[in-house]
Amino acid sequence: MISITVNKKKIELDVPLDMPLLWVLRDIVGLTGTKYGCGIGLCGSCTVHLDGKAVRSCSIPVGDIGNREIVTIEGVGEDSIFQKLLAAWKETEPTQCGYCQPGQIMTALALLKENDKPDKNEIIEAMTGHICRCGTYQRIYKAIQIAAGIMDEA
Amino acid sequence: MKHKKISRRVFLGKTGALLFGFMLPVGGNAQNDQLEKDSDFSERKNKKQQYLNAFIKIKANNEITFFIPDIEIGQGILTAASMILAEELDVDLKSVSIETKMIENEQIKNMKPNEDLNLTYGSGSVAKDWFPLRQGAAELRMMLLQTAAAELNIDKGRCHTENGYVICPDNQTFSYGMLISKIMTLDIPESVQFKNRLDYKIIGKPQPRVDTDKKIKGQSVYGMDIKLSGMKTGYIVSSPIEGDQIHQIDDRQAKNIPGIQDILKNEKSICIIADNFWRALKAAERLVIKWQGDENIQLNTSMIYENLKKGISKPSTMLFHNKTASVSVEMENENKLFQWDFFQSMLLHAALEPINCTIYFHDNQCELWIGSQAPSMLKEHIAEKFHLCKENVILHYNEIGGSFGRRLDQKYILDAAEFARQVSYPVNFIWSREADFQNDALRPPYYDQLKIGVNNKLAITSVHHKMMTFIDDTDKRNPSSPNYLLGLDTMPYHIHDYKFEYSVCDAPKLNFGSGQGREATRNVFVLENMINNLALYTRMDPIEYRKTLGLDDRAKAVVDLLLQNVEWNKFQSGGIRQGFAMAHVFGSYIALIIEAEITTSSVILIHRADVAVDCGFIVNPEQVCAQIEGSVVFGLSDALYGEVQIENGQIKQRNYNQYRVLRMNDMPNVKVHMVNSNESPSGVGELGTIVAAPALGHALGLIQGKFFHSLPLAKQVFQHK
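Here the structure is a predicted model, which is why all the values come from computation and not from measurement.

> I keep staring at the sheet that holds strand 2 (residues 9-13) of chain A and nothing clicks. Help me out?
Two modes of strand pairing occur in sheets, parallel and antiparallel, and in both the strands are linked by backbone hydrogen bonds. Residue and element names in this part refer to chain A. On the basis of which strands lie adjacent, the open sheet formed by five strands has the order 2-1-5-3-4 and mixed pairing. Where the open sheet ends on each side, the last strands, each with one partner, are strand 2 and strand 4 (53-56). The sheet shows a mean angle of 40 degrees between the axes of neighbouring strands, direction not considered. Bridge count between strand 3 (residues 47-50) and strand 5 (residues 69-71): two bridges; the pairing is antiparallel.

> How do you make sense of the pattern of salt bridges when you look at a structure like this?
When their charged atoms lie close together, side chains carrying opposite charge are able to pair. Residues and elements named next belong to chain B. This model, assessed by the stated rule, comprises 47 salt bridges over all chains. Notably, a salt bridge pairs D415 with K411, separated by 3.8 Å at the nearest N-O pair. Within this pair, D415 and its partner K411 are both found in helix 12 (residues 411-420), separated by four residues, close to a single helical turn. K411 sits in the partly exposed class, given a relative accessible area of 33%. Bridged by salt links that share partners, the residues E72, R209, D211, K215 and E399 form one connected network.

> What's the story with the packing of helix 17 (residues 621-641) of chain B against helix 18 (residues 687-704) of chain B in this structure? I'm lost.
Helix-helix packing is described using two parameters, namely the angle between the two axes and the distance between the axes. Residues and elements named next belong to chain B. At a minimum axis distance of 7 Å, the contact between helix 17 and helix 18 shows a crossing angle of 50 degrees. Looking at the two axes, helix 17 sits oblique to helix 18. Helix 17 and helix 18 meet at a crossing whose hand is right-handed. Along the contact surface, helix 17 presents I628, S631, V632, F634, G635, L636, A639 and L640, while helix 18 presents L687, G688, T689, A692, A693, L696 and L700.

> How should empty space enclosed by the protein be read in this particular structure?
One way to see where empty space is left: roll a probe the size of a water molecule over the atoms. Residues and elements named next belong to chain B. The full count for this structure, using the stated rule, is eight cavities of 30 Å³ or more. What lines the largest cavity is a set of 43 residues, among which Q75, S123, Q627, V684 and G685 lie closest to the centre. At the level of elements, helix 4 (77-89), helix 5 (125-152) and helix 17 are the ones that each hand at least two residues to the lining of the largest cavity. At seven residues, the largest contribution of residues to the lining of the largest cavity is made by helix 17. Partitioned by chemical class, the residues of the lining of the largest cavity number 16 nonpolar, 24 polar and three charged.

> Honestly, the sheet that holds strand 6 (residues 165-168) of chain B in this entry has me stumped. Any pointers?
Residue and element names in this part refer to chain B. Judged by pairing direction, the sheet is antiparallel, and its three strands sit side by side in the order 5-6-7 without closing on themselves. Two strands bound the open sheet, and with one partner strand each, they are strand 5 (160-162) and strand 7 (172-175). When strand polarity is set aside, the average angle formed by the axes of neighbouring strands in this sheet is 30 degrees. For strand 5 and strand 6, the ladder comprises three bridges, and the chain directions are antiparallel. Paired with H160 across the two strands is I167, which belongs to strand 6. Contacting strand 5, strand 6 and strand 7, helix 5 runs over the sheet at an angle of about 45 degrees to strand 6. Docked against the sheet, helix 6 (residues 176-183) engages strand 5, strand 6 and strand 7, running at close to 75 degrees with respect to strand 7.

Reading the values: the criteria
- Residues numbered from 1 in each chain as written.
- Chains lettered and ligands numbered in written order.
- Predicted model: local features only at pLDDT ≥ 70, side-chain atom pairs only at ≥ 80, totals over all residues.
- Heavy atoms only, no water.
- Pairing = 2+ DSSP bridges.
- Helix = DSSP H or I, 4+ residues; strand = E, 2+ residues; numbered from the N terminus.
- Axes fitted to C-alpha atoms, helices over the stretch in contact; angles between N-to-C directions.
- Salt bridge = Lys/Arg side-chain N within 4 Å of Asp/Glu carboxyl O.
- Buried < 20%, exposed > 50% of the residue type's maximum accessible area, 1.4 Å probe, protein only.
- Parallel < 35°, antiparallel > 145°, perpendicular 65-115°, else oblique.
- Left-handed = near helix turned anticlockwise from the far one by under 90°.
- Contact = heavy atoms within 4.5 Å.
- 1 Å grid on protein atoms, 1.4 Å probe; cavity = no way out; pocket = protein on both sides within 12 Å on 5 of 7 lines; lining within 4 Å.
- Points joined across faces, edges and corners; volume = space filled by probe spheres on them.
- Nonpolar A, V, L, I, M, F, W, Y, C, P; charged D, E, K, R; others polar.

So this is what it looks like as C-alpha cells:
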C-alpha cells in the first residue's frame, strides 16, 4: 500500500510501484481529465502538477511520488490564475478536438504561477513540449498572454 | 387517421415530450421503441409527416434539444449546426441542449438516397447541413406560429417568434413548449420561407463553441474515459506485419500479472483483458508469440515506390479531359515538352488520442461507444459481421481526440468486436500510441507524372497527367466526382487540353486509408507546383502568371484580398522567400502565401502564413478562421516532416519522436482573411492542408534555387546543404 495526495485528498492505493501516475489517476483514482497521448513524455497531454511543477504523468512511476502533492485539471477550478486562463481560453478559443487542452492548461498554469509576465521565448519554451494536431498553438499562445495581461504583438 | 392521432397523444403523454418524426429520446428504452413502432410509420411516410422533425425536440416545459447528425472531431460542427437550427427556429443558442444523433435519410425531406447525413468527411458538414437543417427548423417555426394563431383565432401574419416564444397581439405569448402538444394536428407546410440573411441574429456572428468549457476543464468524455458497470480494459496484440498470423503463443507469464481477466485469441491477434490498461500492457509485454511469418516481411519503402513507378507502363483509365481548345495539339508537335514526376510520402494521421472503442454484446445486441466519422456504415458492418438486425446495433457517441481521416477506418473496431463478443461484460479497447501508429490506415504514397506541352511563348498547350495508385477508388457514393479528381476538375484555371488518367498498381499488403484533404492534397501539390514552375520558366510573377490562365471572379477576388493584406514580393533573393499556392475545392477558394527562411545554420523557419478564403456564406466566422489556421499547421507538418517508412513489412514510425509534427516553437503567424460571400456555405476544414505543401515548397525552392517535386521537404532541404 502506498498513499498519494491528489487534489488535496490523501488516497491509499494498492498498485504496483512502477505503475505510471497517469494510469493510477485515470484507472484507479478515476480522474480522466488527464489524457494519454504518447506514453513517453513527448506530447504533454498527461501533464499534471507535482508540487506546483508541470510534469508528464505518463513517465513518473507512482512509487516515485513520495509525499509530493499532485494536482490534476480537476483540482485547479478554484485557482485564480486558472480562472484567468479559462477566461482567456474562452476568448481566443484554441479548443478544437480538445484532447490536448487540459494538459496545455496545466503547463500554462504552472508557467504563470512561477512567472506572471513571461516573455515570448518563455511561453514558447514552456509550451513546446505539447502537441496539438488541430494546430491551435497560435491561439494558446495568445490566451496565455491575455491571462498574464500581456498584449505585445499583433 | 384519427386513430393515429390518438395513439400519438398517448405517446406524448408517456414520454412528456413531443418527438417529431421518428426521433427516440436519447437513451431510448424498449418501451419507447415499441411506441415508435406503434405510431404507424407507413401512413406518416405517405403524408411526409415523418420528415418533421429529426433535428429538434421540444418539451412542454420549453426545454429544447438539438440532434446533430455530424460527428464533432474538433471542426466545430456541433456549434455551427446548432447555430443554423437556432437561427431558423428562433431560439437562444445558449438555452438548448445539443446531442449527436444518427439521423436516417428517410427522416429528412429531399435527401438523396445515397447521401449519408451522418458521414463526416471531406470538409462537408456545414455544406451538407445548410439546407436540411434550415428546412427542418423553418417548418417547425412556421407550424408553431400557425398553432398560436389558431389558438387565438387570428391570422398567423399577426404573430412573430422571439427566442422560443410566439408573440401575438395584445402581449399574448406562448412558449414553444405550450404549443407543442397541439402542433401534431397540422400538416407539414408544403413550402417554407427561410429567414432573410439580413435578419440573422446568430448565423454569421462569431459564436463561442458549445463544447469549450467541458473540454478545457477535463470534463468531456472521450472514448478512453468511458466508465460502465463491470467494464474491463482490452488490449489487442497483433503482428506489426499486415496479414501475419499466430503460430504459437505462450501466455503463462502474462497470466501471472494480477488483474488479468481473460486472454482471448483468434488466428491473427491476442486480446488481453484486464482491470486496467497498464496491467493489460504489462501482460502483453510478457506474451511470447511465434508468428507464422508472412511474405510481407520482405516489404520496404523502396519496393513500394518501385511498384508505383511500374504503373507508368500499365494500362490506364481516363477520368478527365478538359478540352476547352477547339483543336487538341498532339504532344509531339509542341514546341517544348516538360516532364515532371511528383512523389508524395505515406503519412500517418497521428491524431493525439490513440484509437479506442468500447463494445458490449448482451441480449442479442451490440452496443458500441465509438468515435467514428462514419457511424452509419459502422452500424451496417457490425450488423453484417455478427448477423444482427441493424436495430440491435446501438451506437453511443463520445468525444473524439482528433481524426483527420483516422476515424474513417473501421477495421480496428470490427477486430475488437470479435473479442468483445466472446465475453459477457463491456470492454474498453485501447490501443497504445505505438499500436495506433502500427495499425494506422496510412495515407498511401502518391506518384504522379505530368507531361506539359508549351508553345514558343511558353504558354501551356496541353497537360497529360498520369496518376499511379494502389486503390481503384472511384467514389461509389458520388460516382460523378471521383475522389481522384478532387481539386483537379474544379481547378481555378482554364488549362486547355488537360488530360487526367490513372493506373492501378500492385498494392503492397498494407492498411491504406484516407488522409487530410484526401486526393485534393495530392492534386493541388502537383498542379500548383506545375504552375509555379512554369511561371519561373516564363520569368513571370507566379500570381500574375495565374491571372493569365483565366482565373474566375471568385478566384480573382480571393487572390486580390490576399494581396491587399500581404506585401507580396517582399524578398527578391536571399534566405527568406515567399511561396504561393491556391485551390478551388470542396466548393471553396483558398490562396496562401507562406514566408519561410532557411537560416545559415540550416534551420527552416516558417515566419508567416497569410490565407484568403472564400467558403461561401460564413456560418461561424471565428471557427472558420480557427479551422484554416489549424489545417495550415497540419499541412505544414506533413509537408516538412511527414513520412512513413516501411521496414520488414512494418511501419517503422511508432511514436512522435519518429514522426515529427509542428509544435509551438515551429509555429508561423497565421492570418486568415475571409471574403464576404453570399454563396451557399462550402467546405473549410481541410483547405489549409491542401495548399500548405505547394506554398511552402515554393518558398523553400526559391531560396535553394530548385523545385521540390517530392514530399516531405525538410530532408531535401538538408540534403541540398
